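Architecture and fold: a report
In case you want the letters, here they are:
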Amino acid sequence: MGNSSSHVCVFCLSSSASLLACGIRQAYSQISIDPESLLGIKGFRTILVLQNVPQDVQEYSWHRGTNDTAENMIVSYTPPSETWQSGPMFSGRENVTRTGSLVIRRSALNDTGNYTARVDFGNRTEKATGCLSIQELENKPGIWANASSVVEYMDPVAAICYTNATNVNWYVEYTQVSSNDRMTISPDLKTLIIHRVSRYDKTLQCETESIPEFPRRSEPLSLSVDYGPDNVQLRTSHSILNGILSAEIGSQVHMECKATSRPSPKYHWTHNGSLLSLSGAKIILPSLAWEQMGRYRCIVENPMTQLAMYREFQIQVHRSGEYSSPPLGLIHVVNRGFYISGAKVVWLIVITVLSSVYLCGILIYMLISHLSTRCLLPWVKGGVLAGGWVSRALP
């Protein structure tokens, strides 16, 4: 279709006295070329859409330039016979649709220029000229982040979009985002800062749109986000009610711990406060014994986030209709209805203490009285004898 140096939109840049404008139909013509179709992208298909075309068209012909001469014809289409004919400007990539539009496949930069459509109605002809501009898409923008492995809600991430475009959009997990309380986009739109990364921020992208309706999006930038453990769940072979697992002696008990975490968490089990040697998510007790009763705790740990959570429960003997006697040496205490409340116990202790003090006082008094009597008796007896001797000594 000619050299690229000769195909420029000279006609579109001419004065209004020509009665033609780029993409605007002539003043005396009803047909026109849709202005929105006069922008094409290199390597893509371009369609110059013909508008306001009446019925009973005998022939459509498209020409390169501002004239509809035979020397400038690209291709024509005759509806009555449904035949196409190529012209001197045909490059092998053009075609005319049944509605009269011109299709250019694999558009090239040298396809830029003026195009004239001529419509023959038999008794009259109409024509319209438009200026097509073929543009080349810029390369995909580049993207970079200051970190590739982060911890959820603890680490921030800053991403930069490398582009010369001024219109930049950001996408997190393939959803367009804007500045909010968790992330900030710089005034020049080329930097995205996520202050608190979540597990749903695994993919970052930036997008530019230098040509309308032809956005260019960067390759996805993947983040490795460590999170958890959370949503810790406990699954057992027996039902758990109010934190108590009831099972019969000799029965098989399965226990499994599950949690949401990245990377996969580490599991620890304790029994009655003592750490067990098991390190997996599952515990199987093939034959439940009395010494295996008690409180179990499953601890889930994520070494990357340095967080840990646990779930616990207690295994007790299942109370069925028949009483299962404990093994020898184990004392099983059963209360049979005698019950003293805490207040009564306090009063009982107080009464017992007061009674003991009272009894001790009586005993001490009696002991002192007894000792006093024994000490005074010789003195009294001595005094009487002495008194009698003195009375006898006096005349």
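Bringing the pattern of salt bridges into the picture now. Evaluated as defined, the whole model comprises 14 salt bridges. Salt-bridge contacts for Lys140 lead to Glu219; the nearest nitrogen and oxygen are separated by 3.1 Å. Note that Lys140 is positioned in the loop between β11 (125-135) and β12 (142-145) and Glu219 in the loop between β20 (214-217) and β21 (221-222), a separation of 79 residues in sequence. Assessed through its relative accessible area of 45%, Lys140 is described here as partly exposed. On the accessibility criterion, Glu219 (48% relative accessible area) is partly exposed. Put simply, Arg199 and Asp230 hold a salt bridge, and the shortest N to O gap is 2.7 Å. With Arg199 in the loop between β18 (191-194) and β19 (203-211) and Asp230 in strand β22 (residues 224-236), the pair connects residues that are 31 residues apart, well separated along the chain. Residues joined by salt bridges that share partners form a network here, namely Glu152, Arg199 and Asp230.

Let's shift gears to the pairing of strand β24 (residues 244-247). Residues Leu245 and Ala247 point to one face of β24 and are all buried, whereas Ile244 and Ser246, pointing to the other face, are not buried. Bridging between strand β23 (residues 240-241) and β24 involves 2 bridges; their strand directions are antiparallel. What sits directly across from Ile240, in β24, is Leu245. Between β23 and the antiparallel strand that follows it, β24, lie 2 residues; Asn242 among them carries a positive phi value of about 55 degrees. As paired strands, β24 and strand β30 (residues 307-317) are joined by 4 bridges and run parallel to one another.

The subject of this paragraph is the nonpolar core. Inside soluble globular proteins, nonpolar side chains tend to come together where they are buried. Counting residues in hydrophobic clusters, the biggest one holds 22 residues, and the most contacted among them are Leu48, Trp62, Leu102 and Tyr115. For this core, the secondary structure elements donating two or more residues are β5 (59-64), β6 (73-78), β9 (102-104), β10 (113-120) and β11. Contact partners of Leu102, with chain neighbours within four places excluded, come to Thr46, Ile47, Leu48, Trp62, Ile74, Val75, Glu94, Asn95, Val96 and Tyr115. In terms of nonpolar packing, the next biggest core, distinct from the first, is built from 20 residues, Val150, Cys161, Val177 and Leu192 among them.

With mixed pairing, 6 strands are arranged side by side in an open sheet as β2-β11-β10-β5-β6-β7. Pairing within the sheet leaves two strands with one partner each, and these edge strands are β2 (39-41) and β7 (83-86). Neighbour to neighbour, the strand axes of the sheet diverge by 20 degrees on average, direction disregarded. Note that β2 and β11 share 3 bridges and pair parallel. Across the sheet, residue Leu39 finds its bridge partner in β11, namely Ser133.

Moving on: the state of the cysteines. What makes a disulfide is a covalent bond joining the sulfur atoms belonging to two cysteines. Within this structure, the stated rule accounts for 2 disulfides. For Cys161, the disulfide goes to Cys206, at an S-S distance of 2.1 Å. Taking the sign of the S-S torsion, 70 degrees for the link of Cys161 and Cys206, the bridge is right-handed. Taken together, the residues span a long stretch of sequence, with Cys161 in strand β14 (residues 157-162) and Cys206 in strand β19 at a distance of 45 residues. Owing to a relative accessible area of 0%, Cys206 belongs among the buried residues under this scheme. Two residues share a disulfide in this structure: Cys257 and Cys298, whose sulfurs sit 2.1 Å from each other.

Parameters at a glance
- Residues numbered from 1 in each chain as written.
- Predicted model: local features only at pLDDT ≥ 70, side-chain atom pairs only at ≥ 80, totals over all residues.
- Heavy atoms only, no water.
- Salt bridge = Lys/Arg side-chain N within 4 Å of Asp/Glu carboxyl O.
- Helix = DSSP H or I, 4+ residues; strand = E, 2+ residues; numbered from the N terminus.
- Buried < 20%, exposed > 50% of the residue type's maximum accessible area, 1.4 Å probe, protein only.
- Pairing = 2+ DSSP bridges.
- Core = buried A, V, L, I, M, F, W, Y, C linked by side-chain atoms within 4.5 Å.
- Contact = heavy atoms within 4.5 Å.
- Axes fitted to C-alpha atoms, helices over the stretch in contact; angles between N-to-C directions.
- Disulfide = S-S within 2.5 Å.

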